[in-house]
Amino acid sequence: QVQLVESGGGLVQAGGSLRLSCAASGRTFSSDAMGWFRQAPGKEREFVAAISWSGVITDYADSVKGRFAISRDNAKNTVYLQMNSLKPEDTAVYYCAAGGVTPSQARHAYDYWGQGTQVTVSS
């Protein structure tokens, strides 16, 4: 059974940092693109960041460029999202996704999803 399990969420003050992790099990994702999305209450799930299977190609939403960094460790079947200079508007449930050949901002490009981890940024 394929599983993606996010961790590292929590409550942080504005300007602070968090590092999210997404551990995959059930199959290896070393040949797949992986991404992070987020969903705030009452809003659509939106793209945050994506990374190619090799880690060479990354893509970010404009709202997080320069503040967030996505990385992966294929030996550990894990993808990370380092979030710095957090703002209250970053508050959301963050989801990990895997699948596809190239990094994509489109939700339908990903075959597997985690259950999400809550990130709350206080002002």
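A brief look at the structure comes next. This is a predicted model, so every value here is computed, not measured.

1. Some points on unusual backbone geometry
Okay, step 1: One non-glycine residue, Asn 77, adopts positive backbone phi at about 55 degrees.
Okay, step 2: Here Asn 77 is to be found in the loop between β7 (68-73) and β8 (78-83).
Okay, step 3: The class for Asn 77 is buried, based on a relative accessible area of 14%.
Okay, step 4: Despite not being glycine, Ser 85 has its phi angle at roughly 50 degrees, a positive value.
Okay, step 5: Considering the arrangement of structural elements, one finds Ser 85 in the loop between β8 and β9 (92-98).
Okay, step 6: For Ser 85, a relative accessible area of 41% gives the class partly exposed.

2. Re the packing of aromatic side chains
Aromatic rings in a pair are described by how distant their centres are and how their planes are angled relative to each other.
Okay, step 1: Across all of its chains, the model carries five aromatic pairs by this definition.
Okay, step 2: An angle of 75 degrees between the planes, with centres 5.4 Å apart, marks the rings of Phe 29 and Tyr 112 as edge-to-face. You can see Phe 29 sitting in the loop between β3 (18-25) and β4 (34-39) and its partner Tyr 112 sitting in strand β10 (residues 112-113), a full 83 residues away along the chain.
Okay, step 3: Residue Phe 29 is classed as buried on the basis of its relative accessible area of 0%.
Okay, step 4: Pairing Tyr 110 with Trp 113 gives two aromatic rings, centres 6.2 Å apart and planes at 70 degrees, and the pair type is edge-to-face.
Okay, step 5: Residue classification places Tyr 110 among the buried positions, given a relative accessible area of 5%.
Okay, step 6: Residue Trp 113 is classed as partly exposed on the basis of its relative accessible area, which comes to 27%.
Okay, step 7: An aromatic cluster of three or more residues is present, and its members are Phe 37, Phe 47, Tyr 110 and Trp 113.
Okay, step 8: Lying over the aromatic face of Trp 113, Arg 45 brings its terminal NZ or CZ to 5.1 Å of the ring centre.

3. A few points about the sheet that holds β7
Okay, step 1: Read from one edge of the open sheet, four strands run β1-β3-β8-β7, paired in antiparallel fashion. The open sheet has two edge strands with one neighbour each: β1 (3-7) and β7. The sheet shows a mean angle of 15 degrees between the axes of neighbouring strands, direction not considered.
Okay, step 2: The pairing of β1 with β3 spans five bridges and is antiparallel. Looking at the pairing, Ser 7 lines up with Ser 21 of β3.

4. Overview of the environment of Ala 14
Okay, step 1: Note that Ala 14 resides in the loop between β2 (10-13) and β3.
Okay, step 2: Accessibility expressed as a relative area gives 43% for Ala 14, which makes it partly exposed.
Okay, step 3: The spatial distance from the C-alpha of Ala 14 to the C-alpha of Thr 120 is 9.4 Å, given a sequence separation of 106 residues.
Okay, step 4: When residues no more than four places from it in sequence are discounted, the contact partners of Ala 14 are Leu 86, Pro 88, Val 121, Ser 122 and Ser 123.

How each quantity is defined
- Residues numbered from 1 in each chain as written.
- Predicted model: local features only at pLDDT ≥ 70, side-chain atom pairs only at ≥ 80, totals over all residues.
- Heavy atoms only, no water.
- Helix = DSSP H or I, 4+ residues; strand = E, 2+ residues; numbered from the N terminus.
- Buried < 20%, exposed > 50% of the residue type's maximum accessible area, 1.4 Å probe, protein only.
- Phe/Tyr/Trp six-rings, centres within 6.5 Å; stacked < 30°, edge-to-face > 60°.
- Lys NZ or Arg CZ within 6 Å of the ring centre and 35° of its normal.
- Pairing = 2+ DSSP bridges.
- Axes fitted to C-alpha atoms, helices over the stretch in contact; angles between N-to-C directions.
- Contact = heavy atoms within 4.5 Å.

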